[in-house]
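Structure at a glance
Each chain, written out:
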Amino acid sequence: MGGGDRQLNFYRLPADEVGRQLGSGKDGLSDAEATERLGQMGPNALDVKRKEPWIVAYAQQFRDLMIVLLLASGLLSFYLGDGQAGTILLVLVFFNTAIGFLQEFKAEKLIESLEKLVVNKARVLRDNELTETASTELVPGDIVYIEAGDSVPADLRLLTEEELSTNDFALTGESQPARKFTHAIQAEVPLAGRHNQCYMGTTVATGHGYGIVIATGMHTELGRIASLSADTGRVRSPLQREMNNIATRLTQGTVVLCAALLPIAIQSGLEVKDALLFAIGFASSIIPQGLPAEINTALAQAASKLARARALVKKLSAVETLGATNVIATDKTGTLTENQMTVEHFLIGKKHYDVSGGGYEPSGSVTDEHGQPLSKSSLRELELFFATAALASNARVNPPDDEHAVWYCLGDPTEGAAVTMAAKAGIDIAALEKSYPELREFPFDSARKRMSSIRHYGSSKNLYVFVKGAPESVLEQCDELWDHGHVRKLARTDRTGILKENDLLAGKAMRNLGFAYRILPAGTDISKLDLETTEQHLTWLGFASMIDPLREEVPAAMLAARQAHIKVSIITGDSAPTARAIAVRAKLTDRPEDIEVVSGEELAALSDTRIISLVRRGGVIFSRVAPEDKLRIVSLVQGSGQVVAVTGDGINDAPALKRADIGVAMGRSGTDVAKQSAEIILLDDSFHTLIGAVQQGRVIYQNIKKATLSCFTSNAAELVVNIASLAAVSTLHIPLAISIMQILAIDLIAELFPIAALGRDKADGDLMHSPPRNSREHILNRRSVADLLWCGLLIGGFAFANYLLFFGRNGIDPQGLASGSHVHMQATALTYLTIVLCQLANILQRRSSKGLFTRYQFHNRSLWIAIGFSLFCVLHIIYNPWIAPYFRSAPLSAADWLYAIAAMAIFIAIREFQRHNRLHHREAVIALHHEAVQKRTA
């Protein structure tokens, strides 16, 4: 028995040989044999990775190095007896971790289980008796019966079939149902070409048949892809890498500086405990305690905004990753298209008609060649054509229900499109079926490429044969032509014209379906009719052209992606002509001739370098690709330094979705596997929503950058004050100018809310006409660090100067002053206030590249409310008699406030002067560049 071995090519063996190798016969297995095999092979189920307990998921939030630093500082504060600082630091740690955990926990609750892909029941032949059993109990060698509407419960090699076709798009990417057969295939073919097999996770579109189980559970093709996904590790997002880079540098800097300054503090006369507390305060001045909370809050706000825009974010870091995206590798079926066959045109006589509306929803209109809707009388004139489309089809279209968000088709999607066309023309399908029930049918077969349905029709109840099929096949059986109610002999020129139109539309990847009819002689005995004599002397009605339609918003989204310098390529399991036709409609490139198509066979022969160059150029279609091919493409492009977003909805997309920097699954048409593997789910399946999410990602990174630099500015100022204080303690025996609690009050109260409110800022400039940011470029680079140190020197210098001036203005000698006395607390409160006011000015200045005094400052109402709340908290920290002692503060006079405000004003003046000079210099450089270009052109 070799049912678990994926290397056995059962599709290349005759059906009886497959049964022999699997130890099964035409009567199926016995119950005893099936039970024994079940014990050996295990249940027919996927090994789904169980969800981790919530406590484990929460613990993973502590992998952030900055969180670890805060936690260590808090625990050390408790150990040294400073419970106030320790409590605040630990509360901050749990607040930071809770934000990220709760967002991801809520998102995971919305994702359905992978196990739903496996059906609950299957009809299996055991001891020559067809019984129903749990699909989990199927074993290799079982013979299973499947019919239209069923989900395939395991991988099957077909033994018999009657017009059997399956919807394989979720596994192979094929947009059309795959017609099945039973004979062996002589050559080796890819998965999509093995039409004598059916696969777990697919559904039966038409017909019925028997198949022998060749693989179950994790040995199926679905299981293979699940294993491939499980083996594919996620990569850290650009934001995670950036925050890790910042945390690493901070850790190194903090350890080195604390180790260097701790002995100096002890030598300056501080007791060991006080020196250690100074070191913690010094570390607190370097570590931006509020930054993780501010970033997580900004990401959570962006995630909520995206949710309202129909994009569900499973991981917060994914929001920002979208903004760094260089390359989008998109699926075609269900992502760019509706995954619902739709009739767009039909031809009757020599007149062309268009049909509006997409999918299976019967809403839309029929228009003539001039775009004018047909009147009711004109539609009645064409009623026979529409009735034939409905009566020669077995598919049914149904409205949305608990399991389907939109109108859906039961049966062949091509037939569903024909039925929907008739409904759009005003035909009551249910009433038509009831009035004219089918008396006999000659089913479709791939040899003659047509089918027939015999019914009474019309007021006279004549016996009609309604025929549909491939236009060339139906046309060759026609003698006459129906032309808007008039019947005439079918001329050679008519045939030539019809076939020419058929070829023209087929070249545009349209699927054409021809319709004809015949009125049988009175008294015909239906039971004696045979196929050959029935399907002859037909009257041609016309043909309808259908396609899996492009989503209306896709071309505009493609244009927006190109303007944003994002390279888009299509990776699909569908055929090259169909994919190219959709790509042209989608405007994948500005010019259709720039689109390059690479087949799966050609891809295997391409070098890694060539693949990378193609994708980085954009406008490429990879057709007929397997899951491994898609994973290879994504991995190669990632390795070249690009940030890759992958969209998909099928089982075959799961490994690439998981591997990508950002996996984007379709929420409505997507399979459970795709949703499980992705980090973002588009609830409306819209490519346009993805581009909107990219824009939001760019905005949020811009805001995170502002928040990060703003946050580090106050830390730089606190660092300057601490170093100056240590120097003053060492040389002049003046007590420290700021306490740990005041440093925490700056980071966690005064600036936390305004910086968090920056997450609501709109874009500063036209971000979607700029290239994506370089994911390898750090927020903390030489230029930004130099700017931070300069700002820190200004603010820290002003704050320490105000600290010393306080003693001079009040005639107090600070040397030997007791730390913690009322006067000392007043002086440190002034240090605290100066840093706070300058920091609020710094936050406002960093918001816009154009400076402080612009209209941009007034669009974010939340920021001004946050600043007002921060000042309210500052007043309580300084003046509230119950709160001030906790923060080592004491009330200040009006004169003290004037000194703090003066420091803020000087800081603003210096920064605005610098900004003005930079802008002037930049404009001069641009002008010189344009002048040089004009000279070269001349």
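Residues numbered from 1 in each chain as written. Predicted model: local features only at pLDDT ≥ 70, side-chain atom pairs only at ≥ 80, totals over all residues. Heavy atoms only, no water.

Our focus in this paragraph is the overall build of the protein. Assigned secondary structure in the protein consists of 32 helices and 27 strands. When each of the 938 residues of the protein is scored for burial, the buried share is 56%. Within the protein, counting contacts between residues at least 6 apart in sequence, those at least 24 apart form 73% of the total. With an accessible surface of roughly 39600 Å², the protein has 57% of that area assigned to carbon and sulfur atoms. (Helix = DSSP H or I, 4+ residues; strand = E, 2+ residues; numbered from the N terminus. Buried < 20%, exposed > 50% of the residue type's maximum accessible area, 1.4 Å probe, protein only. Contact = heavy atoms within 4.5 Å. Areas by Shrake-Rupley, 256 points an atom, 1.4 Å probe, with all protein chains shown as cover.)

A few words on the packing of helix 27 (residues 740-750) against helix 31 (residues 861-879). In contact at an axis separation of 10 Å, helix 27 and helix 31 are set at 150 degrees when each is read in the N-to-C sense. Between helix 27 and helix 31, the angle falls in the class roughly antiparallel. Relative to helix 31, the crossing made by helix 27 is right-handed. Of helix 31, the residues touching helix 27 (which contributes A745, I749 and A750) are S870, C873, V874 and I877. A breakdown of the residues in the contact of helix 27 with helix 31 according to their chemical character gives six nonpolar, one polar and no charged. (Axes fitted to C-alpha atoms, helices over the stretch in contact; angles between N-to-C directions. Parallel < 35°, antiparallel > 145°, perpendicular 65-115°, else oblique. Left-handed = near helix turned anticlockwise from the far one by under 90°. Nonpolar A, V, L, I, M, F, W, Y, C, P; charged D, E, K, R; others polar.)

A side chain with one charge may pair with a side chain of the opposite charge, provided their charged atoms come close. Taken as a whole and assessed by the stated rule, the structure comprises 31 salt bridges. We note a salt bridge from R450 to E476, for which the minimum N-O separation is 4.0 Å. Note that R450 is positioned in strand 16 (residues 450-457) and E476 in the loop between helix 16 (471-475) and strand 18 (478-483), a separation of 26 residues in sequence. Residue R450 is classed as buried on the basis of its relative accessible area of 7%. Residue classification places E476 among the exposed residues on the basis of a relative accessible area of 53%. Two residues, E596 and R610, come together in a salt bridge whose shortest N-O distance is 3.4 Å. Highlighted residues: E596 in strand 23 (residues 596-599) and R610 in helix 22 (residues 608-617), separated in sequence by 14 residues. What makes E596 partly exposed here is its relative accessible area of 25%. Beyond isolated ion pairs, a larger network of salt bridges with shared partners links R396, E433, E438 and R455. (Salt bridge = Lys/Arg side-chain N within 4 Å of Asp/Glu carboxyl O.)

Among all positions in helix 20 (residues 576-586), only T578, A579, A581, I582, A583 and A586 are buried. The positive-phi residue at the C-terminal boundary of helix 20 is K587, with phi of around 60 degrees.

Moving on: the side chain of S870. Mapped onto the elements of the fold, S870 is located in helix 31. On the accessibility criterion, S870 (1% relative accessible area) is buried. From its side chain, S870 meets the backbone oxygen of A750 in a polar contact 2.9 Å long. Not counting residues within four places of it along the chain, the set of residues in contact with S870 comprises I749, A750, F753 and P754. (Polar contact = N/O pair within 3.5 Å; in protein donor to acceptor, adjacent residues only side chain to side chain.)

What follows concerns the sheet that holds strand 27 (residues 680-682). In spatial order, the strands read 8-27-26-25-9-22-24-23; together these eight strands make up an open sheet with mixed pairing. Across the chains shown, the open sheet's two edge strands, defined by having one partner strand only, are strand 8 (311-313) and strand 23. The sheet shows a mean angle of 20 degrees between the axes of neighbouring strands, taken without regard to direction. Judged from the four bridges that link them, strand 23 and strand 24 (residues 620-623) form a sheet pairing that is parallel. Its bridge partner lying in strand 24, V597 is registered against I621. (Pairing = 2+ DSSP bridges.)

With that settled, the discussion passes to the packing of aromatic side chains. Under the criterion given, the structure shown has 18 aromatic pairs. What links up through ring pairs into an aromatic cluster is the set F346, Y353, F385, F386 and F515. Over the ring of Y701 we find R773, and its NZ or CZ is 3.7 Å from the ring centre. (Phe/Tyr/Trp six-rings, centres within 6.5 Å; stacked < 30°, edge-to-face > 60°. Lys NZ or Arg CZ within 6 Å of the ring centre and 35° of its normal.)

Attention now moves to a nonpolar patch on the surface. Residues F753, F869 and F872 make up a contiguous nonpolar surface patch of about 290 Å² in total accessible area. For F872, the location among the structural elements is in helix 31. The class for F872 is partly exposed, based on a relative accessible area of 46%. (Patch = residues over 30% accessible without salt bridge, like charges linked within 9 Å, V, L, I, M, F, W, Y side chains within 5 Å.)

Let's shift gears to the pairing of strand 22 (residues 567-571). For strand 22, a buried count of four out of five residues is recorded, marking the element as mostly surrounded by other parts of the structure. For strand 9 (residues 327-330) and strand 22, the ladder comprises four bridges, and the chain directions are parallel. Looking across to strand 22, one finds that V327 is bridged to K567. With two bridges joining them, strand 22 and strand 24 adopt parallel strand pairing. Within the sheet, the bridge partner assigned to I570 lies in strand 24 and is I621.

Looking now at the nonpolar core. Membership of the largest hydrophobic core comes to 132 residues, with the highest contact counts inside it found for I680, F687 and Y832. Among the elements that take part in this core, helix 26 (residues 687-732) stands out by supplying 15 residues, more than any other. In this view, I680 contacts A311, L312, V313, A318, L322, I662, G663, V664 and A665; residues no more than four positions away in its chain are not counted. (Core = buried A, V, L, I, M, F, W, Y, C linked by side-chain atoms within 4.5 Å.)

In this model, the protein carries an average pLDDT of 83, and 84% of its residues clear a pLDDT of 70 or more. In the model of the protein, helix 9 (residues 272-286) stands out as the element of lowest mean pLDDT, 62, in contrast to helix 13 (residues 383-391), which has the highest, 96. Counting contacts from residues 2-7, a segment whose pLDDT is below 50, to residues more than four positions away or on other chains yields 17 contacts. (pLDDT = per-residue confidence, 0-100.)

Right, let's talk about the environment of D685 for a bit. Structurally, D685 can be placed in the loop between strand 27 and helix 26. If we skip the residues at most four places from it in the chain, D685 touches G334, T335, R551, M666, G667, R668 and S669.

So, about the pairing of strand 18. By the bridge criterion, three bridges tie strand 18 to strand 21 (residues 538-547) in an arrangement that is parallel. By the bridge assignment, E480 is partnered in strand 21 with T539. Relative to strand 19 (residues 486-489), strand 18 is paired through four bridges, and the arrangement is antiparallel. When the bridges of strand 19 are listed, L481 appears paired with R488. Counting the residues that bridge the hairpin from strand 18 to strand 19 gives two residues, and of these H484 lies at a positive phi of roughly 55 degrees.

Turning next to unusual backbone geometry. A positive phi angle, near 75 degrees, is found at R310, a position not held by glycine. Summarising the element assignment, R310 is placed in the loop between helix 10 (291-308) and strand 8.

On to the side chain of T330. Among the structural elements, T330 can be located in strand 9. For T330, a relative accessible area of 0% corresponds to the buried category. Once you skip the residues sitting within four places of it in the chain, T330 turns out to touch T335, L336, V568, S569, I570, I571, T647 and F687.

Turning to the environment of S821, a few remarks are in order. With respect to the element layout, S821 can be found in the loop between helix 29 (782-809) and helix 30 (822-847). Among the polar contacts made by the side chain of S821, one reaches the main-chain carbonyl oxygen of A818 at a distance of 3.0 Å.

Here we take up helix 23 (residues 627-639). Here helix 23 is 13 residues long and its end C-alpha atoms lie 18 Å apart, about the 18 Å a rise of 1.5 Å per residue gives. Of the residues making up helix 23, those classed as buried are P627, K630, L631, I633, V634, L636, V637 and Q638. Directly after helix 23, the chain includes G641, whose backbone phi takes a positive value near 95 degrees. (Expected span 1.5 Å × (residues − 1).)

Another aspect to go through is the packing of helix 26 against helix 27. Between helix 26 and helix 27, whose axes approach to 11 Å, the crossing angle comes to 170 degrees. Classified by the angle between their axes, helix 26 and helix 27 sit roughly antiparallel to one another. For the pair helix 26 and helix 27, contact is made by S714, N715, E718 and N722 and by I743, I746 and D747, respectively. Residues that form the contact of helix 26 with helix 27 fall into these classes: two nonpolar, three polar and two charged.

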